[in-house]
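Below, each chain spelled out in residue letters.
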Amino acid sequence: QVQLVESGGGLVQAGGSLRLACTVSGHTFSTYTMAWFRQAPGNEREYVCAITWHGGIYYASAVQGRFTISRHNTKSTVNLEMNSLKLEDTAVYYCAAQPGYTLYATETQYDYWGQGTQVTVAS
């Protein structure tokens, strides 16, 4: 049973920073592609970024240059460092995992999901 648990969400002022973490259990973490998605109220869930087992990374244009994804295979964690946060970054952030070495940017390609963590950016 693969389980993903996000942490680190909260309230932050615009321009501030926040760090999310996702801890994974129940599978060989190093062989999975890991991703972050987010869903704002009234919106569809959208892709944020992803990282392959060997460190290949792709960011959505909305977060490029502000967010940094990283993974620690020995600790089975993936992190999301968010800087220069904007009001429009407010959303529930989800961690997702998919077996294999391909980087996907669509949610339908990911089989495993965390419960989400709320990020609220205030003015």
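The rules we used
Residues numbered from 1 in each chain as written. Predicted model: local features only at pLDDT ≥ 70, side-chain atom pairs only at ≥ 80, totals over all residues. Heavy atoms only, no water. Core = buried A, V, L, I, M, F, W, Y, C linked by side-chain atoms within 4.5 Å. Buried < 20%, exposed > 50% of the residue type's maximum accessible area, 1.4 Å probe, protein only. Helix = DSSP H or I, 4+ residues; strand = E, 2+ residues; numbered from the N terminus. Contact = heavy atoms within 4.5 Å. Pairing = 2+ DSSP bridges. Phe/Tyr/Trp six-rings, centres within 6.5 Å; stacked < 30°, edge-to-face > 60°. Lys NZ or Arg CZ within 6 Å of the ring centre and 35° of its normal.

Draft legend 1. Structural detail: the nonpolar core. Ranked by internal contacts, the top residues of the largest apolar core, which has 36 residues, are Met34, Trp36, Val78, Leu80, Met82 and Tyr93. If you list the elements that add at least two residues to this core, you get β3 (18–25), β4 (32–39), β5 (46–51), β7 (67–72), β8 (77–82), β9 (91–99) and β11 (117–122). Setting aside chain neighbours within four positions, we find Leu80 in contact with Leu18, Arg19, Leu20, Trp36, Val48, Cys49, Phe67, Thr68, Ile69 and Tyr93.

Draft legend 2. Structural detail: the pairing of strand β1 (residues 3–7). Burial along β1 is one-sided: Leu4 and Glu6 are buried, and none of Gln3, Val5 and Ser7, which face the opposite way, are. Pairing between β1 and β3: five bridges, direction antiparallel. Counted as the bridge partner of Leu4 is Val24 from β3.

Draft legend 3. View of the packing of aromatic side chains. Per the stated rule, a full pass over the model turns up nine aromatic pairs. Taken together, a centroid distance of 5.7 Å and an interplanar angle of 25° make the contact between Tyr47 and Tyr58 stacked. Residue Tyr47 is found in strand β5, and its partner Tyr58 is found in strand β6 (residues 57–59); the two are separated by eleven residues along the sequence. On the basis of an interplanar angle of 65° and a centroid distance of 5.4 Å, the ring pair of Trp53 and Tyr101 is categorised as edge-to-face. Of this pair, Trp53 sits in the loop between β5 and β6 while Tyr101 is found in the loop between β9 and β10 (112–113), placing the two residues 48 residues apart along the sequence. Clustering of aromatic rings is evident, with ring pairs tying together Phe37, Tyr47, Tyr58, Tyr94, Tyr104, Tyr110 and Trp113. In this structure, Arg45 packs its charged tip against the face of Tyr94, placed 4.7 Å from the ring centre. Above the plane of the ring of Trp113 lies Arg45, whose end atom (NZ or CZ) is 3.9 Å from the centre.

Draft legend 4. Structural view of unusual backbone geometry. For Ser76, which is not glycine, the phi torsion reads 55° and is therefore positive. Of note, Ser76 is situated in the loop between β7 and β8. In this structure Ser76 comes out as buried when scored by relative accessible area, which is 18%. With phi around 50°, Ser84 is a residue other than glycine that occupies positive phi space. Considering the arrangement of structural elements, one finds Ser84 in the loop between β8 and β9. What makes Ser84 partly exposed here is its relative accessible area of 40%.

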